[in-house]
Amino acid sequence: MAQGQTGRILIVESDRARQTELERQLSAIGHVVETAPDGFAALEHLEHSMPDVVLLALDPERKGGFDFLQEARALLPAASFIAMAETGSTDTAVKALEFGADRLLTRSVRPDALALIVERSLDKPLLARDAMEARSGAAATLPTIALMDRVVGVHPSMQRLFNRLLQAAKSRSTVLIQGETGTGKELIAKAVHEHSLRSEGPLVRLNCAALAESVLESELFGHEKGAFTGAVTRRRGRFEQADGGTLFLDELSEMPLSVQIKLLRFLQERELERVGGNETVKVNVRVVAATNRDLKSLVEDGKFREDLYFRLKVVVLDVPPLRARPSDIPLLADHFLRLYAGENDKIVRGFTQEAKEALVAYPWPGNVRELQHAIEQAVVLCEKDLIDTEDLPIEAPEREAEPLSLLVPGVTLAEVERYTIMRTLEAVGGSPTKAAAILGISKRTIHYRLEEWGVAKSGSKSSG
Ligand SMILES: Nc1ncnc2c1ncn2[C@@H]1O[C@H](COP(=O)(O)OP(=O)(O)OP(=O)(O)O)[C@@H](O)[C@H]1O
Ligand SMILES: [Mg+2]
């Protein structure tokens, strides 16, 4: 049995805190971790992924646990099932074994013991997988990762994104890709093109932030001869260049209002006029746009046209920040390690345990791009064949202690509400619009509460 072997783990746990903790522990060792709150949700997971080990927290209160065990056992004959029971719940535990669990643990198992047991439980499924791949001649890659070449993502949020992407790609609908800087929006835009029916056509990219207003307009729509000084010949714009393919408008939020209206007109009529001309040109172009700014609040500030925003928000692909998908971190790290070790002709086998844990714990404000650069630097500078913490250009974050007053039971709902609203506001830089969107409540409720707590003026900068 290989030392330090890693696999795909599905955690079924209704208690959010425990779920997160287990996910953190196991992904820090390099396992690919997925989570589900209950048996029903877990069964849905099995439709698109095949875990090697299933960790099932037995919850006698909740239905679905044993049904799940039975069905999943039949679907995944080679997987290892580990049931975790509350101490003292002997009946449930015995029943779990009857329904096909391979092992039984207490729900309060120590992390180091859990890591070891999970690793040992991988022997059987990994052997089975190797044998299957050898028989079918398939490459030894995880199918969930290879779903889209080059785009690594096994976290459920990324799997959902890929599913949406595949659906959206086939239509001609305009697609809006949103996400923080460095999350992979451009990669996703390329994937939309590659998976569309127009993948044989051109993919033309234009960064709206890179050009001045007047240049941007003629760059996009082209111009007629003599349209302005210097327009000595007629020129086809990016729209015409992208005919039969995809036009990727990057940093769309930076598009000036005057150009936005022309874009809207194109999206409605599918035709355009070159600058300085009145001939109407019909082109067959699918527009994919990306932004790392919140268009909705730009609309509120009058910097983005509301009608264009409504037009664009029909098909939105939200790329989650890296810190929200910890199970992708070790995979991406390995992906970049192989890439840069190859490029630099260096033999670097992997990461030390501490380095892996540090990578997963770090919040990655620059997202995948920051991770990519960190690994590149570590590969280039490291002198041993394993990358250690000191090779990584990141600092361990200070773990913030949650206020004691939020201990459950003991806390009031009002306190939870206040805490949640204030922390969300803090996280989005004080914007009630963004906080309201995250919390699923109206902006008015936020203003009302802030007023109530006497923090109306100081709590937010954009409330006035
Ligand atoms: N899921 C992923 N798998 C593999 N590589 C990724 C993934 N996501 C991002 N990358 C890589 O990370 C880098 C940044 O990605 P990308 O340029 O697409 O981000 P972005 O969201 O467009 O950033 P920005 O908002 O700053 O323009 C690229 O080198 C890209 O190849
Ligand atoms: Mg980009």
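Further up the page is the structure itself.
As the structure is a computational prediction, the values presented were derived from the model and not from experiment.

Chemist: Help me understand the pattern of salt bridges in this model?
Modeler: Opposite charge on two side chains allows them to pair when their charged atoms are near. Applying the stated criterion across every chain yields a total of 28 salt bridges. In this structure, the salt-bridge partner of aspartate 385 is arginine 349, at a minimum N-O distance of 2.9 Å. Within this pair, whereas aspartate 385 is found in the loop between α16 (367-381) and β14 (386-387), its partner arginine 349 is found in the loop between α14 (328-344) and β13 (350-351), the two being separated by 36 residues in sequence. When its relative accessible area of 34% is taken as the criterion, aspartate 385 is described as partly exposed. Among the residues examined, arginine 349 registers a relative accessible area of 58% and is labelled exposed. Salt bridges sharing partners connect three or more residues here, namely Glu13, Asp15, Arg18, Glu86 and Arg107.

Chemist: Which parts of the structure should I look at to understand the pairing of strand β11 (residues 286-291)?
Modeler: In regular strands, side chains alternate between the two faces of the sheet. Of all six residues in β11, six are buried, a share of seventy percent or more. Residue alternation in β11 divides its side chains into two sets, Arg286, Val288 and Ala290 and Val287, Ala289 and Thr291, and both sets are buried. In terms of strand pairing, strand β8 (residues 246-250) meets β11 through four bridges, oriented parallel. Within the sheet, the bridge partner assigned to leucine 247 lies in β11 and is valine 287.

Chemist: Any chance you could explain the packing of aromatic side chains here in plain terms?
Modeler: Any pair of aromatic rings gets described here by the distance separating the centres and the angle formed by the planes. Taken as a whole, this structure holds five aromatic pairs when the rule is applied. The interplanar angle of 35 degrees and the centroid separation of 5.3 Å between the aromatic rings of phenylalanine 66 and phenylalanine 99 together place this pair among those described as tilted. One end of the pair, phenylalanine 66, is in helix α3 (residues 65-75); the other, phenylalanine 99, is in the loop between α4 (90-98) and β5 (103-106), and 33 residues separate them in sequence. A residue is classified by how much of its surface remains accessible, and phenylalanine 66, at 18% relative accessible area, is buried. Ring plane angle 20 degrees and centroid distance 5.1 Å describe the contact between phenylalanine 221 and phenylalanine 239, whose orientation is recorded as stacked. Taken together, the positions of phenylalanine 221 in helix α9 (residues 213-221) and phenylalanine 239 in helix α10 (residues 238-241) put the pair 18 residues apart, joining distant regions of the chain. Accessibility classification places phenylalanine 221 together with phenylalanine 239 in one group, the buried group. Put simply, the rings of Phe221, Phe239 and Phe266 pair up and form one aromatic cluster. Its end group placed over the ring of phenylalanine 221, lysine 262 keeps NZ or CZ at 4.7 Å from the ring centre.

Chemist: What is the right way to read the site of ligand 1 from this model?
Modeler: Around ligand 1, the structure places 18 residues, and the nearest of them are Val152, Thr181, Gly182, Lys185 and Gln372. The backbone of glycine 184 places a nitrogen or oxygen atom 3.1 Å from an oxygen atom of ligand 1. Here lysine 185 contributes a side-chain N or O atom positioned 2.5 Å from an oxygen atom of ligand 1. Mapped by element, the contributors of at least two residues to the shell around ligand 1 are α8 (185-194), α14 and α16.

Chemist: Would you mind going over unusual backbone geometry with me for this structure?
Modeler: Working note: non-glycine residues mostly have negative phi, and peptide bonds are mostly trans. In the Ramachandran plot, glutamate 251 falls in the positive-phi region, its phi being about 50 degrees despite a non-glycine side chain. Assignment of secondary structure puts glutamate 251 in the loop between β8 and α11 (257-269). Notably, arginine 270 is not glycine yet its phi reads approximately 65 degrees, a positive angle. Within the secondary structure, arginine 270 is located in the loop between α11 and β9 (271-273).

Chemist: Which parts of the structure should I look at to understand the sheet that holds strand β7 (residues 203-207)?
Modeler: Note: strands within a sheet are paired through backbone hydrogen bonds, in either parallel or antiparallel orientation. Taking strand neighbours across the sheet as the criterion, the five strands line up as β7-β8-β11-β6-β12 in an open arrangement whose pairing is parallel. Among the strands making up the open sheet, the edge pair consists of β7 and β12 (316-318). Strand-to-strand, the axes of this sheet are offset by a mean angle of 20 degrees, without reference to chain direction.

Chemist: So what exactly am I meant to see when it comes to the packing of helix α17 (residues 413-427) against helix α18 (residues 432-439) here?
Modeler: Geometrically, a packed helix pair is captured by the angle between its two axes and the distance between the axes. In contact at an axis separation of 9 Å, α17 and α18 are set at 125 degrees when each is read in the N-to-C sense. Comparing their axes, α18 and α17 come out oblique. As for how α17 packs across α18, the hand of that crossing is right-handed. Contact residues: α17 offers Thr420, Ile421, Thr424 and Leu425, while α18 offers Pro432, Ala435, Ile438 and Leu439. In terms of residue class, the contact of α17 with α18 is made up of six nonpolar, two polar and no charged.

Chemist: Teacher, can you tell me more about α18 here?
Modeler: One turn of an α-helix holds 3.6 residues; hence residues three or four places apart share an orientation. Restricting attention to buried positions, one finds in α18 the residues Pro432, Thr433, Ala435 and Ala436. End-on view of α18: buried residues confined to an arc of 165 degrees, all on one side of the axis. Along α18, exposed side chains directed more than 90 degrees from the buried face belong to Ala437 and Ile438. Next to the buried residues of α18 lie α12 (295-300), α17 and α19 (443-452). Glycine 440 occupies a position one or two residues after α18 and carries a positive phi of about 70 degrees.

Chemist: What exactly am I supposed to notice about the side chain of glutamate 219 here?
Modeler: If you trace the backbone, glutamate 219 turns up in helix α9. The class for glutamate 219 is buried, based on a relative accessible area of 12%. The contact partners of glutamate 219, leaving out residues within four places of it in the chain, are Leu206, Leu211, Arg235, Gly237 and Arg238.

Chemist: Whenever I open this one, the sheet that holds strand β3 (residues 53-57) confuses me. Can you help?
Modeler: Taking strand neighbours across the sheet as the criterion, the five strands line up as β2-β1-β3-β4-β5 in an open arrangement whose pairing is parallel. The two strands at the open ends of the sheet, each matched to only one other strand, are β2 (32-36) and β5. Neighbour-to-neighbour, the strand axes of the sheet open up by a mean angle of 20 degrees, direction not taken into account. Of the strand pairs in this sheet, strand β1 (residues 8-12) and β2 are connected by five bridges, and their pairing is parallel. Directly across from arginine 8, in β2, lies its bridge partner valine 32. Sheet contacts for helix α5 (residues 111-121): β1, β3, β4 (80-85) and β5; angle to β4, the most-contacted strand, approximately 155 degrees.

Cut-offs applied
- Here the residue numbering is sequential within each chain, running from 1 through the sequence in written order.
- To label them, take the chains in the order written and letter them from A, then take the ligands in the order written and number them from 1.
- At least 70 in pLDDT is required for a residue's local features to be given in this predicted model, at least 80 for side-chain atom pairs to be given and counted, and no such filter applies to totals for whole chains, interfaces and linings, which use all residues.
- Side-chain metrics in this entry use all non-hydrogen atoms of the structure; hydrogen atoms and water are not considered.
- The rule for a salt bridge is simple: a side-chain nitrogen of Lys or Arg has to be within 4 Å of a carboxyl oxygen of Asp or Glu.
- Counting from the N terminus, the helices are the DSSP runs of H or I reaching at least four residues and the strands are the DSSP runs of E reaching at least two.
- Partly exposed describes any residue whose relative accessible area lies between the buried limit of under 20% and the exposed limit of over 50%, with all areas from a 1.4 Å probe on protein chains only and scaled to the type maximum.
- A pair of strands is labelled paired if DSSP reports no fewer than 2 bridges between them.
- Note on ring pairs: Phe, Tyr and Trp rings are taken, using the six-membered ring of Trp, and paired if centres are within 6.5 Å. Classes follow the plane angle, with under 30 degrees stacked, over 60 edge-to-face and the rest tilted.
- Here, over-ring charges are defined by two tests on the NZ atom of lysine or the CZ atom of arginine: distance to the ring centre within 6 Å, and angle to the ring normal within 35 degrees.
- Whether a residue is near a molecule or strand depends on its heavy atoms: if one lies within 4 Å, it is near.
- Pairs of N or O atoms within 3.5 Å make up the polar contacts considered here, provided that, within protein, one atom can donate a hydrogen while the other can accept it, and that residues adjacent in sequence are counted only when both atoms are side-chain atoms.
- Lines fitted to the C-alpha atoms define the axes, with helices restricted to the stretch that makes contact. Angles between their N-to-C directions range from 0 to 180 degrees.
- Orientation labels follow simple angle bins: below 35 degrees gives roughly parallel, above 145 gives roughly antiparallel, 65 to 115 gives roughly perpendicular, and whatever is left gives oblique.
- Left-handed describes a crossing whose near helix is turned anticlockwise from the far helix through less than a right angle; right-handed describes the clockwise counterpart.
- Two residues qualify as a contact provided that any one of their heavy atoms is within 4.5 Å of a heavy atom in the partner residue.
- Throughout, the ten residues Ala, Val, Leu, Ile, Met, Phe, Trp, Tyr, Cys and Pro are labelled nonpolar, Asp, Glu, Lys and Arg are labelled charged, and all others, Gly among them, are labelled polar.
- Arc definition: directions from the helix axis to the C-beta atoms.

Limitation: the analysis is restricted to geometry and does not speak to function.
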